[in-house]
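# Chain and residue survey
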Amino acid sequence: MQQLSDLSGCAAPATALVVMLPGAYSKPQEFIDEGFVAALRQRGVAVDVKMVEAHLGYFTDRTVLQRLRDDVVLPARAAGYRQVWLVGISLGGFAALGYAARHAADIDGVLAIAPYPGTQALQREIVAAGGPFEWRAKTIAPTDDLEREVWWWLAGRGDASQPPVYLGYGRGDRFAKGLDAMQVTLPTGRAGTVPGGHDWAPWRALWNGWLERGLLQTACPPRAGG
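If you're wondering where the values come from, they're calculated on a predicted model, not measured in any experiment. (Residues numbered from 1 in each chain as written. Predicted model: local features only at pLDDT ≥ 70, side-chain atom pairs only at ≥ 80, totals over all residues. Heavy atoms only, no water.)

## Things to note about the overall build of the protein
Assigned secondary structure in the protein consists of 10 helices and 7 strands. A compact globule built from 226 residues should have a C-alpha radius of gyration of about 17 Å, and the protein, at 17 Å, falls within 12% of that. Oriented by its inertia axes, the alpha-carbon framework of the protein measures out at about 60 × 35 × 35 Å. Counting the 226 residues in the protein, one finds 50% classified as buried. The long-range share in the protein, meaning contacts at least 24 apart out of those at least 6 apart in sequence, stands at 74%. (Helix = DSSP H or I, 4+ residues; strand = E, 2+ residues; numbered from the N terminus. Rg over C-alpha atoms; globule rule 2.2 N^0.38 Å. Buried < 20%, exposed > 50% of the residue type's maximum accessible area, 1.4 Å probe, protein only. Contact = heavy atoms within 4.5 Å.)

Put into structure tokens, the structure is as follows:
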């Protein structure tokens, strides 16, 4: 996977990494152009950033999670990062959730901004069952079906060892109905909405609001021997 990097600027190597995954028709550069990286730096957040070219072809051939794991996350762990967060928008948000569903132990948290919630048929199935928890109770554990795996994982993640998931979307987003159902699976305070649709203005507002929570480290690590 092609990647753009932005380093923390700390004298010692950063110990936390934020991996940004764009939407289906967006490029990694847009995280820079739309102010996502600048918002981190303005707050003095001491993390490295990798913006990943998780393009539509990886979803089409169903290799996106394996490529993300082999090319980004596992090398980051091998390089010494103690924290890895996934931040994804739209289809990138779905990939972040899918990664957490299959490889939760690899990462420390997910921010899914307006993630693709699956097909209309799947969403209707969940509604007809009475909601995500009822759907899970009536459904055989899915295998090799990432959309179903995401919902199954979200509706069953009672284990505190699971990485936290944060969700945000515009109230006028085209995925809002499915995301309304998705937020039911999250603890209070882990989901939020802003005015707007499926576009960068609400996504920026959600990103800035999430950063204000202070979940990412701001102190640079000490130099070795310093």
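Don't stop here, the text continues.
## Section: the environment of Leu-86
For Leu-86, the location among the structural elements is in strand E4 (residues 83-89). A relative accessible area of 0% means that Leu-86 is categorised as buried. Look past the residues within four positions of Leu-86 in its chain and what remains in contact with it is Val-19, Val-73, Ala-96, Tyr-99, Ile-107, Gly-109, Val-110 and Leu-111.

## Observations concerning helix H8 (residues 146-156)
With 9 of 11 residues buried, H8 is to be regarded as a mostly interior element. For H8, every residue scored as buried is listed here: Leu-146, Glu-147, Glu-149, Val-150, Trp-151, Trp-152, Trp-153, Leu-154 and Ala-155. Turning to H8, the residues buried within the fold contact helix H4 (64-78), helix H5 (91-103), helix H6 (120-129), helix H7 (132-137), strand E6 (165-170) and helix H9 (176-183).

## Considering the packing of H6 against H8
The relative placement of two packed helices comes down to the angle between their axes together with the axis-to-axis distance. For the pair H6 and H8, interaxial distance at closest approach is 11 Å and the crossing angle is 30°. Between H6 and H8 the crossing geometry is right-handed. Taking contact as the criterion, the partners of Leu-122, Glu-125 and Ile-126 in H6 are, on H8, Glu-147, Arg-148 and Trp-151. Residue classes in the contact of H6 with H8 are distributed as 3 nonpolar, no polar and 3 charged. (Axes fitted to C-alpha atoms, helices over the stretch in contact; angles between N-to-C directions. Left-handed = near helix turned anticlockwise from the far one by under 90°. Nonpolar A, V, L, I, M, F, W, Y, C, P; charged D, E, K, R; others polar.)

## Structural notes on the state of the cysteines
Tallied over the full model, the rule gives 1 disulfide. A sulfur-sulfur distance of 2.0 Å marks the disulfide that ties Cys-10 to Cys-220. The chirality of the disulfide connecting Cys-10 with Cys-220 is left-handed, given an S-S dihedral of about -75°. On the criterion of sequence distance, the pair formed by Cys-10 in the loop between strand E1 (3-6) and strand E2 (16-21) and Cys-220 in the segment after helix H10 (200-211) is long-range, its members being 210 residues apart. (Disulfide = S-S within 2.5 Å.)

## What about the sheet that holds strand E7 (residues 191-194)?
Read across the open sheet, the 7 strands follow the order E1-E3-E2-E4-E5-E6-E7; overall the sheet is mixed. In this open sheet, the two strands that pair with only one neighbour each are E1 and E7. On average, adjacent strands in this sheet sit at an angle of 15° to one another, irrespective of strand direction. One ladder, built from 5 bridges, connects E4 with strand E5 (residues 109-113); its direction is parallel. Bridge pairing in E5 places Ile-89 opposite Ile-113. Against the sheet, H9 makes contact with E6 and E7, and its axis sits at roughly 150° relative to E6, the strand it touches most. (Pairing = 2+ DSSP bridges.)

## What about unusual backbone geometry?
Even without a glycine there, the phi angle at Ala-114 is positive, about 45°. Tracing the backbone shows Ala-114 in the loop between E5 and H6. With relative accessibility at 0%, the residue Ala-114 sits in the buried group. Although it is not a glycine, Asp-144 adopts a positive phi angle of roughly 60°. By secondary structure assignment, the location of Asp-144 is in the loop between H7 and H8. Overall, the relative accessible area of 54% leaves Asp-144 in the exposed class.

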